Amino acid sequence: MRRVYRVIITRVFIGIITYLCFVQPNLWKYTLETLAPSYATLERIVSAQGIVLCREETVDAPVSGVLLKVKEDSSKVSKGEVLAVIFPTVEDYNNYLKEINAIVERYDSAVKEKNALIESKKGEMKKVYEELVREGNILNSLVTDKQDITDVVDKIKNLNSRIVLLKNEIETLTAELEGLKREKEQKIAELKQKIISSNVTVVSRASGLVFFEIDGREYTRNNIIEKGIEGNTDLSLNSLMKQPKVISNGDFVKRGETIAKTVDNLEQFVLFDVTLDGKLPIILDRFSVNIDGKVVEFQLMRRENNHFKELWFCKVKSLYYVGLKSLNLNIKVGTVEGVVIPRSLLKKEGEKYFVYVLGDDSMEKRFVEILGGNEKEVVVSNISRGELLLMD
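Digging into the nonpolar core
Core analysis: the biggest nonpolar cluster contains 29 residues, and Leu68, Phe87, Tyr96 and Ile195 have the highest contact counts within it. When contributions to this core are tallied by element, the ones reaching two or more residues are strand E3 (65-69), strand E5 (82-87), helix H2 (90-144) and helix H3 (150-198). The element best represented in this core is H3, accounting for 13 residues. Setting aside its immediate chain neighbours within four residues, Tyr96 contacts Leu68, Phe87, Leu191, Lys192 and Ile195. Counting residues in each nonpolar core, the second largest holds 26 residues, with Cys54, Val263, Val296 and Leu329 among its members.

See below:
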């Protein structure tokens, strides 16, 4: 019996020693969430912020005074066309407003009366139609009963004649209404022509779209279009745009003050600040992206590299007018093949990236290089298929 006990105790002791020495030290590996990377081809996508550039020709006020726009913002103008009028005094400007308001009130009142007459005639015609339906039902009943229908037929004829008369009256009133609207626009145009001929005007210096918004960076943006970005890796998009000053009707402007600009909408450029997807070079001269529901094609004309950032100077090749604004885009730049891991696994130390790799009995902090990828997944170097990576 004692021998049996000794054998049991010895085996238990050996089991405990075996567990402590060989099993327990490796249990931690089975409590961690791991990932075995795959080998695949990924679509490369870079994120880019950009601003649209067009040639901008500014216009200064030739004299001091009170401004009145003749052209609306973003309307198309030709070189030499009148953009605005400058009244010498506030009183002159207010007198013009009084004349305009008098024209508008007079014709709007007449238009309102015509509309009321038209609606009245339409209401009357509706009642006649309803009466015509009732008389038609009576006629059908009389015919069925083989009774005299003379009076009903005469009444139906009169009702049809009344409908024709009402339709003609409505057509005449509608034509008079359209005539009043045209006459109103003509009177306003004549008054504008009168104040243009009797006051100092602001004239466009180039063809394009007119804007009464000035931010003071027009020259800098034009300079980029003319001279490019060669060697200018420190150029900031924020330095090219700021909150514009909006010029409105009734504003007092000073002589020499910039009050408007014409934008050449026939030729557009975009300066992109691009965050690269990895170390591999991007071989690209044209690309397309979706802007406002339109597929817009770009030609890459110049690029300047600054580590994981690049400046791209592009020309818009599509006929679609993008407009002067900022852009935030994801641009497809090709594919990359290799060991793929989720971007979320990457840790950063200074300017370097690393992951944790699980070995047989240890965990290694291993630095990697991002070769390329997209927002969710990347292809990296220094990792082999079959290795286990620690997940968050």
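Overview of the pattern of salt bridges
Applying the stated criterion across every chain yields a total of 31 salt bridges. Across the pair Lys155 and Glu135 runs a salt bridge whose closest N-O atoms are separated by 3.2 Å. Separated by 20 residues along the polypeptide, Lys155 in helix H3 and Glu135 in helix H2 bring together distant segments of the chain. Note on Lys155: relative accessible area 37%, which makes it partly exposed. The shortest N-O distance in the salt bridge between Glu218 and Arg221 comes to 3.7 Å. Pair noted here: Glu218 and Arg221 are both in helix H4 (residues 218-227), with a separation of three residues, about one helical turn. Side by side, Glu218 and Arg221 carry an identical accessibility label, which is buried. Within this structure, Glu56, Asp215, Glu218, Arg221 and Lys261 form a network of salt bridges that share partners.

Quick word on the pairing of strand E2 (residues 38-60)
As paired strands, E2 and strand E15 (residues 326-342) are joined by 14 bridges and run antiparallel to one another. Paired with Leu42 across the strands is Val336, a residue of E15. The pairing of E2 with strand E11 (residues 258-275) spans 13 bridges and is antiparallel. Note on E11: the bridge partner recorded for Val52 is Val270.

Each value, and the rule that gives it
- Residues numbered from 1 in each chain as written.
- Predicted model: local features only at pLDDT ≥ 70, side-chain atom pairs only at ≥ 80, totals over all residues.
- Heavy atoms only, no water.
- Core = buried A, V, L, I, M, F, W, Y, C linked by side-chain atoms within 4.5 Å.
- Buried < 20%, exposed > 50% of the residue type's maximum accessible area, 1.4 Å probe, protein only.
- Helix = DSSP H or I, 4+ residues; strand = E, 2+ residues; numbered from the N terminus.
- Contact = heavy atoms within 4.5 Å.
- Salt bridge = Lys/Arg side-chain N within 4 Å of Asp/Glu carboxyl O.
- Pairing = 2+ DSSP bridges.

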